[in-house]
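Chain by chain, the residues:
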Amino acid sequence: MQTKNSWQLQADEVSRSLLKVVADFEKLQQDAASKEDRAALQHELRQSIVRINSEIAAEPDTSALAERLLRTIVDNIGSSSLNEKGLSMQQRAIRIDHVAIAVRDLDAAIKFYTERYGFRQTDRRTIHGTDSSMDSAVMQAGDVTFVLVMGLDSKSNVSRYIDHYGPGVQHVAVQVHGLKEVVDNLTTCKADLLTDIIRAPGLQQVFTRRDKNSGMQFEFIERGKSNEFDENNVKQLYDAMDREDVY
């Protein structure tokens with residue numbers, strides 16, 4: 001068994017190695033001949049960070065130190081980025097966290113995704129908003145998550161979405177590192193944000209309004225260790241959409 005001193009020595013070495021990586025990255029950025037070279041460098045490092053983060057998330061016994069070191073790397077990358085619109089999202093987007101799908105009949109949709117496509121229902125809940133309500137179910141297969149949503153009355157923004165667009169993708173959620181920095185960047189880029197950051201333990205989310213041209217609404221989400229959804233967060237989004245009269 002390792003002694004505490006031995007563990008600390010290894011931790012210190014890991015810390016020095018990671019800080020050297022940050023310094024090397026900043027030097028490479030400075031030496032890059034063009035904006036394209038810098039973007040390519042950022043892409044390669046971002047992919048490495050995604051792989052490291054996935055390994056940390058999959059290992060329940062990983063120390064909090066490792067996660068703090070990963071956050072240090074991400075924050076240093078952000079501080080050394082090019083001062084251009086949109087670059088923060090290039091660095092901070094990780095993966096699609098989930099896709100919300102508006103359906104006419106939730107029970108039928110659960111059966112369809114379970115029996116035809118092999119998904120597993122992991123959660124089901126009813127959200128009562130200020131003026132209307134919806135029913136939802138979380139469906140998972142491997143790392144893929146769909147959230148099926150159904151309005152429970154004609155006033156529901158989900159029901160209104162289906163009346164206007166038909167059933168289908170209601171919004172796409174993108175997992176990010178550093179949601180506050182992402183929101184700052186989106187605000188600079190004049191993105192049409194519907195909500196401020198909605199917070200719960202280990203979970204932060206922000207939502208956009210629906211783009212009239214592409215029909216898309218986006219959620220940007222930052223998670224701790226949990227892959228769950230917080231009912232109060234969902235209710236805050238639902239009420240915001242009712243309050244703003246958007247669907």
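Residues numbered from 1 in each chain as written. Predicted model: local features only at pLDDT ≥ 70, side-chain atom pairs only at ≥ 80, totals over all residues. Heavy atoms only, no water.

**Considering the nonpolar core**
Here's step 1: I101, V103, L106, Y113, M139, F146 and L148 are the most contacted members of the largest nonpolar core, which has 13 residues in total.
Here's step 2: Contributions of two or more residues to this core are made by strand 1 (93–102), helix 5 (106–115), strand 3 (133–141) and strand 4 (144–151).
Here's step 3: Broken down by element, the residue count for this core peaks at four residues, all from helix 5.
Here's step 4: Those residues in contact with L106 that sit more than four places away from it in its chain are R124, D135, S136, A137, L148 and M150.
Here's step 5: Formed by twelve residues, the second largest nonpolar core is a distinct cluster that contains A102, M134, V149 and I162. (Core = buried A, V, L, I, M, F, W, Y, C linked by side-chain atoms within 4.5 Å. Buried < 20%, exposed > 50% of the residue type's maximum accessible area, 1.4 Å probe, protein only. Helix = DSSP H or I, 4+ residues; strand = E, 2+ residues; numbered from the N terminus. Contact = heavy atoms within 4.5 Å.)

**Observations concerning the confidence of the model for the protein chain**
Here's step 1: Of all residues in the protein chain, 79% have pLDDT values of 70 or greater, and the mean over the chain is 81.
Here's step 2: Here helix 3 (residues 64–79) stands out as the least confident element of the protein chain, with mean pLDDT 56; helix 5 is the most confident, with 98.
Here's step 3: For residues 78–85, every residue scores under 50 in pLDDT, and the model assigns this stretch 18 contacts once sequence neighbours within four places are set aside. (pLDDT = per-residue confidence, 0-100.)

**Quick word on the sheet that holds strand 2 (residues 120–128)**
Here's step 1: Here eight strands make up an open sheet; going across it, the order is 2-3-4-1-5-8-7-6 and the pairing mixed. Strands at the two margins of the open sheet, each flanked by one partner only, are strand 2 and strand 6 (198–200). Adjacent strand axes in the sheet meet at a mean angle of 20° when their direction is disregarded.
Here's step 2: The pairing of strand 7 (residues 203–207) with strand 8 (residues 218–223) spans five bridges and is classified as antiparallel. When the sheet's bridge partners are listed, Q205 is paired in strand 8 with I221.
Here's step 3: Together, strand 1, strand 3, strand 4 and strand 5 (168–176) form the strand contacts of helix 6 (residues 157–165), whose direction differs from that of strand 4 by roughly 95°. (Pairing = 2+ DSSP bridges. Axes fitted to C-alpha atoms, helices over the stretch in contact; angles between N-to-C directions.)

**Comments concerning the pattern of salt bridges**
Here's step 1: Counted under the stated rule, the structure contains eight salt bridges.
Here's step 2: A salt bridge links D107 to R124; the nearest nitrogen and oxygen atoms lie 2.7 Å apart. Of this pair, D107 sits in helix 5 while R124 sits in strand 2, and the two are 17 residues apart along the sequence.
Here's step 3: Where R124 meets D135, a salt bridge forms, and the shortest distance between an N and an O atom there is 3.1 Å. Within this pair, whereas R124 is found in strand 2, its partner D135 is found in strand 3, the two being separated by eleven residues in sequence.
Here's step 4: We classify R124 as partly exposed; its relative accessible area is 34%.
Here's step 5: With a relative accessible area of 9%, D135 lands in the buried category.
Here's step 6: One network of salt bridges, in which partners are shared, links R95, D97 and R223. (Salt bridge = Lys/Arg side-chain N within 4 Å of Asp/Glu carboxyl O.)

**Notes on the pairing of strand 7**
Here's step 1: Judged by how many residues are buried, strand 7 sits mostly within the fold: four of five residues are covered.
Here's step 2: Bridge count between strand 6 and strand 7: three bridges; the pairing is antiparallel. If you follow R199 over to strand 7, its bridge partner there is Q204.
Here's step 3: Hairpin remark: strand 6 followed by strand 7, antiparallel, with two residues in the connecting loop; positive phi at G202, about 75°.

**Notes on empty space enclosed by the protein**
Here's step 1: Counted according to the given criterion, the structure contains two cavities of 30 Å³ or more.
Here's step 2: The volume enclosed by the largest cavity comes to roughly 310 Å³.
Here's step 3: In terms of lining, the largest cavity is formed by 23 residues, of which the most central are M134, V147, V149, H171 and V234.
Here's step 4: Among the secondary structure elements, those contributing two or more residues to the lining of the largest cavity are strand 1, strand 2, strand 3, strand 4, helix 6, strand 5, strand 7 and helix 8 (231–244).
Here's step 5: With five residues, the top contributor of residues to the lining of the largest cavity is helix 8.
Here's step 6: A breakdown of the residues in the lining of the largest cavity according to their chemical character gives 13 nonpolar, seven polar and three charged. (1 Å grid on protein atoms, 1.4 Å probe; cavity = no way out; pocket = protein on both sides within 12 Å on 5 of 7 lines; lining within 4 Å. Points joined across faces, edges and corners; volume = space filled by probe spheres on them. Nonpolar A, V, L, I, M, F, W, Y, C, P; charged D, E, K, R; others polar.)

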